[in-house]
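Structural features, examined
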Amino acid sequence: MLKEKLQADLSVAMKARDEVRTRTLRMALTALTNEEVSGKQARELSDDEVVKVLQREAKKRREAAEAFDGAGRTEQAEAERAEGVVLEEYLPAQLSDEELTALVADAIAETGAAGPRAMGQVMKVVTPKVAGRADGRRVSGEVKRQLAE
């Protein structure tokens, strides 16, 4: 399981005194534990759920880095980006622009959508196919671009 790999990698990082990796993996494991105990009953997360939590954490790192850059705090922005790089290692490979364009084109053909008003219709078809392999903002931008043509 992915969670066990994270725990094993944390031990390795601690022994190697890799501060960034240690800090990042601890944060990720804490987020996973919080997710497991949230709700009415504690439960074990599946690998898909672990990936969703890691994606959420990676997104937080990207947004924090942007915010720190905007505030002129480059050192903190770099730290957030470094954590994001560590998290990316545990996430599925991202779709290339060509693959995303092809998936969106297929979804538009499948739904017969035309014009910007059909965006929701196309997103419903594309989102499950993309599932964690592309940022939602990237997907919606591509759908908008293709529907505007």
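Residues numbered from 1 in each chain as written. Predicted model: local features only at pLDDT ≥ 70, side-chain atom pairs only at ≥ 80, totals over all residues. Heavy atoms only, no water.

You'll find the protein chain entered in an unreviewed UniProt entry as GatB/YqeY domain-containing protein, with Actinoallomurus iriomotensis given as the organism.

Of regular secondary structure, the protein chain possesses seven helices and zero strands. Helices and strands appear in the protein chain in the N-to-C order α-α-α-α-α-α-α. With the principal axes as the frame, the protein chain shows a C-alpha extent of 55 × 40 × 30 Å. Every one of the 149 residues in the protein chain was classed for burial, and the buried ones make up 36%. Taking the contacts inside the protein chain whose residues are at least 6 apart along the sequence as the reference set, 61% of them involve residues at least 24 apart. Charged side chains in the protein chain number 25 positive and 28 negative. The centres of these two groups are separated by 4 Å. (Helix = DSSP H or I, 4+ residues; strand = E, 2+ residues; numbered from the N terminus. Buried < 20%, exposed > 50% of the residue type's maximum accessible area, 1.4 Å probe, protein only. Contact = heavy atoms within 4.5 Å. Lys, Arg positive; Asp, Glu negative; His and termini not counted. Charge placed at Lys NZ, Arg CZ, Asp CG, Glu CD.)

A few words now on the nonpolar core. As a rule of thumb, nonpolar side chains are buried together in soluble globular proteins. One finds L6, L32, V50, L54 and Y90 to be the most contacted residues of the largest nonpolar core, which totals 19 residues. Put simply, the parts of the chain that give this core at least two residues each are α1 (2-15), α2 (19-37), α3 (47-70) and α4 (74-88). Counting residues per element, this core draws most heavily on α2, at six residues. Not counting chain neighbours up to four residues away, the residues in contact with L6 comprise L25, L29, L32, V50, L54 and Y90. Counting residues in hydrophobic clusters, the runner-up holds 18 residues, among them L100, M119, V143 and L147. (Core = buried A, V, L, I, M, F, W, Y, C linked by side-chain atoms within 4.5 Å.)

All right, on to helix α6 (residues 119-130) then. The α-helix advances 3.6 residues per turn, and as a result positions three or four apart in sequence lie on the same side. With 12 residues, α6 should cover 16 Å at 1.5 Å per step; its first-to-last C-alpha distance of 16 Å lies within 8% of that length. Within α6, the full set of buried residues consists of M119, V122, M123, V125, V126 and V130. Elements in contact with the buried residues of α6: α5 (97-111) and α7 (136-148). Phi turns positive one or two residues past the end of α6, at A131, with a value near 20 degrees. (Expected span 1.5 Å × (residues − 1).)

The next subject is the environment of A71. With respect to the element layout, A71 can be found in the loop between α3 and α4. Measuring from C-alpha to C-alpha, the distance between A71 and D48 comes to 35 Å, with 23 residues separating the pair along the chain.

Residues other than glycine seldom take positive phi values, yet R17 does so here, at roughly 55 degrees. Looking at where R17 falls in the secondary structure, it is placed in the loop between α1 and α2. Take R17: its relative accessible area is 73%, and that puts it in the exposed class.

To continue, consider the packing of α5 against α7. Geometrically, a packed helix pair is captured by the angle between its two axes and the distance between the axes. Their axes nearest at 10 Å, the elements α5 and α7 cross at an angle of 55 degrees. By the angle between their axes, α5 is oblique relative to α7. The way α5 lies across α7 gives a crossing that is right-handed. Of the residues in α7, those touching α5 at D97, L100, T101, V104, A105 and I108 are R138, V139, E142, V143, R145, Q146 and L147. Here the residues of the contact of α5 with α7 sort into seven nonpolar, two polar and four charged. (Axes fitted to C-alpha atoms, helices over the stretch in contact; angles between N-to-C directions. Parallel < 35°, antiparallel > 145°, perpendicular 65-115°, else oblique. Left-handed = near helix turned anticlockwise from the far one by under 90°. Nonpolar A, V, L, I, M, F, W, Y, C, P; charged D, E, K, R; others polar.)

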